[in-house]
Structure formats: structure tokens, C-alpha cells
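# Structure at a glance
If you want the building blocks of each chain, they are given just below.
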Amino acid sequence: MSGPGGGGRARVAGGLILLAAVIAALRFLPLADWLQGLVDRFAALGPWGIGLFAVVYALAAIFFVPGSALTIGAGAIYGLGWGFVAVSAGSTLGAAGAFLIARYLARDRVERWAARDPRFAAIDQAVGREGWKIVLLTRLSPVFPFTLLNYLYGLTRVGFGAYILASWIGMMPGTLLYVYLGFAGRALAQAATGKASRSPAEYSLGIVGLLATLAVTLYVTRLARQALRGRSGVGA
């Protein structure tokens, strides 16, 4: 969730770099044992663990902590399905919290932030005309960093309900990709230590799934950026 000009590619490249770092660490660190210990601790919390993770993620978003590492971590800890649920819930809660803070508690300060970036004026005008559609497109192809965008939308005329729904849906492709990276990293860590029980065919299927997710994410991001270019210079 980075700036324009290849933001989707930069996001994917960042995730792949992190995954490569995980693979490299397998040669020097007992990463699989650490991951298993982390998984065991969260598993012991049951459903509360997923809720706790979502709350931590939301707080990180509100306090401008980059969420990429947490998203990948969710995939490593909970797997693809529950990891996606945990991150989707946490990122949506964080987006909601920052939006409400900007609209009702710290509007003056956020307005000063917005005044420093002329792109916000374009987004504000576009939201005034098309509402939630702009929120959805900027979530698919971010113009501003994710955490800052959460606050800036609190200054616009978009309704809270429409903002939350559009944000939740728009963040799904990126969330799925990063969670998948964490899921794949955990599988590689287990394989490196001989603790995996999967067959080569299952690993091949997992790699194909990751590549497919990557391709879809890039394609959706490209379409969103193209759509934004025609709306008052947003995404230009």
C-alpha cells in the first residue's frame, strides 16, 4: 500500500523480498522451530488468538506501523484461510479507527497533513462526485500510504458505512497475496527441517497458487490505476 507509479509492483516486490529473506534465514537460523513455537502459542489461545491478532493489527495501522510484516506473519501463524480472516478484520478495524479519529478527534491535525500533498485535493473532489467508488479504487491501487489514507478519508464527504465496505473489499487482493507469502514461507521452513508432510505435487500446487495470486493482484492493481487516471488526476 504504497505510492503511485507502480505501487502494486512495489508492494509485490517488497513481499517477495521478505519471502526471500525467510528462505535465506533457513540456512542460518532455527526458523522452523521459532515458527512452530509461535504457532503453538497462538493456537493455545484458540479463537481469542485470532481476535487478539486483529486488534494488534488495527492498533499498528492507527499508529502508522507498516502492516506488511504482520500480514505475512498471519499467513505463517494461522495459514491461508484464518490468516486472511485475521488480517482482513484487523486492517478494516484499523481503517475504521483512523477514519473516526480524523473525522471527530484530530481533524485539524489531519487537515495539516493533507495540505502538504496536492493529490489529496484530487481525491477529495473525486470522492465528492463518485463517493465509495474512489475509496475502492484507491484501496486496489493505493495513491497514498495505507495508514495515511485511512486518516485522509476522514476529511472527505464519504459516509462511514460506504467507506468501510469499499475499504474492506478493496484491500482483499493485497491481503491475500501477503498472507499467501507467509503461508508459503512457513511451508518452506518446515520443508527445510524435514518436518513437512506434503508431497512434491502439493508443493507444486502451492507455488502455482502463489503465482496465480500474484498475477491476479497485479492485474487488478493495473486496472484500478487506469481507472483512477481518468478521475481528476487521481493516481497520476
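Quick caveat, the model's predicted, so the values are computed rather than measured. (Residues numbered from 1 in each chain as written. Predicted model: local features only at pLDDT ≥ 70, side-chain atom pairs only at ≥ 80, totals over all residues. Heavy atoms only, no water.)

## Quick word on helix H4 (residues 68-105)
Worth spelling out the cut-off: Counting from the N terminus, the helices are DSSP H or I runs at least four residues long and the strands are E runs at least two residues long. Residue count minus one, scaled by 1.5 Å, sets the expected span of a helix. Two axes are fitted around each residue, one to the seven residues ending there and one to the seven starting there, and the angle between them is reported as the bend at that residue.
The end-to-end C-alpha distance of H4, which contains 38 residues, comes to just 27 Å, noticeably less than the 56 Å that a straight helix rising 1.5 Å per residue would cover. Along H4, the sharpest kink reaches roughly 125°, centred on glycine 79.

## Focus on the packing of aromatic side chains
Selection rule: Side-chain rings of Phe, Tyr and Trp, where Trp is taken by its six-membered ring, are said to pair if the distance between their centres is within 6.5 Å; with planes under 30 degrees apart they count as stacked, over 60 as edge-to-face, and otherwise as tilted. In this scheme, a residue with accessible area under 20% of its type's maximum is buried, one over 50% is exposed, and one in between is partly exposed, where area comes from a 1.4 Å probe on protein chains only.
Under the definition given, this model contains eight aromatic pairs. Seen from their ring centres, phenylalanine 53 and tyrosine 78 are 5.9 Å apart, and the 90° between their planes marks the pair as edge-to-face. With a gap of 25 residues between them, phenylalanine 53 in helix H3 (residues 47-62) and tyrosine 78 in helix H4 connect regions that are remote in the sequence. Both residues of the pair, phenylalanine 53 and tyrosine 78, count as buried. Summarising the aromatic geometry, the rings of phenylalanine 99 and tyrosine 163 are spaced 4.3 Å apart at their centres and angled 25° between planes, so their arrangement reads as stacked. Of this pair, phenylalanine 99 sits in helix H4 while tyrosine 163 is found in helix H9 (residues 160-170), placing the two residues 64 residues apart along the sequence.

## Observations concerning unusual backbone geometry
Notably, phenylalanine 64 is not glycine yet its phi reads approximately 65°, a positive angle. Turning to its location among the elements, phenylalanine 64 is positioned in the loop between H3 and H4.

## Comments concerning the confidence of the model for the protein chain
Detailed conclusions should not be drawn from predicted coordinates in areas where pLDDT is low. Inclusion rule: What pLDDT reports is the predictor's confidence in each residue, on a scale of 0 through 100. Should any heavy atoms of two residues lie within 4.5 Å, those residues are considered in contact.
Considering every residue of the protein chain, the mean pLDDT works out to 75; 60% of them sit at 70 or more. Per-residue pLDDT, averaged within each element of the protein chain, yields its smallest value for helix H1 (residues 7-25) (57) and its largest for H9 (94). Counting contacts from residues 1-6, a segment whose pLDDT is below 50, to residues more than four positions away or on other chains yields 21 contacts.

## Details of the pattern of salt bridges
Where side chains of opposite charge bring their charged atoms close, a pairing between them can arise. Threshold: Each reported salt bridge corresponds to a side-chain nitrogen of Lys or Arg within 4 Å of a carboxyl oxygen of Asp or Glu.
One pass over the full model with this rule turns up one salt bridge. Two residues, arginine 107 and glutamate 111, come together in a salt bridge whose shortest N-O distance is 3.3 Å. Of this pair, arginine 107 and glutamate 111 both sit in helix H5 (residues 107-115), separated by four residues, roughly a single helical turn. Arginine 107 sits in the partly exposed class, given a relative accessible area of 31%. Taking the relative accessible area as the measure of exposure, glutamate 111 reaches 37% and is therefore partly exposed.

## Looking at a nonpolar patch on the surface
To be explicit about the condition: Here the term patch refers to residues with relative accessible area over 30% and no salt bridge, with like charges joined within 9 Å and nonpolar side chains (Val, Leu, Ile, Met, Phe, Trp, Tyr) within 5 Å. Where accessible areas are quoted, they stem from the Shrake-Rupley method and a 1.4 Å probe; at the residue level, only the protein chains shown are allowed to cover.
Together, Leu45, Trp48, Leu52 and Val56 line one region of the surface with nonpolar side chains, adding up to about 440 Å² of accessible area. Structurally, valine 56 is set in helix H3.

## Some details on the packing of H4 against H9
Cut-off, in case you're wondering: Only the contacting stretch of a helix is used when fitting its axis, a line to C-alpha atoms as for every element, and angles between N-to-C directions run 0 to 180 degrees. A crossing counts as left-handed when the near helix is turned anticlockwise from the far one by less than a right angle, and as right-handed when that turn is clockwise. Polar here means any residue outside two lists: the nonpolar Ala, Val, Leu, Ile, Met, Phe, Trp, Tyr, Cys and Pro, and the charged Asp, Glu, Lys and Arg; Gly therefore counts as polar.
At a minimum axis distance of 10 Å, the contact between H4 and H9 shows a crossing angle of 145°. When you trace H4 past H9, the crossing you get is right-handed. Where H4 abuts H9, its residues Ser88, Thr92, Ala95, Ala96, Phe99, Leu100 and Arg103 lie against Phe160, Tyr163, Ile164 and Trp168. The residue makeup of the contact of H4 with H9, split by class, is eight nonpolar, two polar and one charged.

## Describing the environment of tryptophan 132
Within the element layout of this structure, tryptophan 132 appears in helix H7 (residues 132-140). Through-space distance from the C-alpha of tryptophan 132 to that of tyrosine 163 is 6.0 Å; in sequence the pair is 31 residues apart. Tryptophan 132 has contacts with Val158, Ala162 and Ala166, leaving out every residue within four places of it along the chain.

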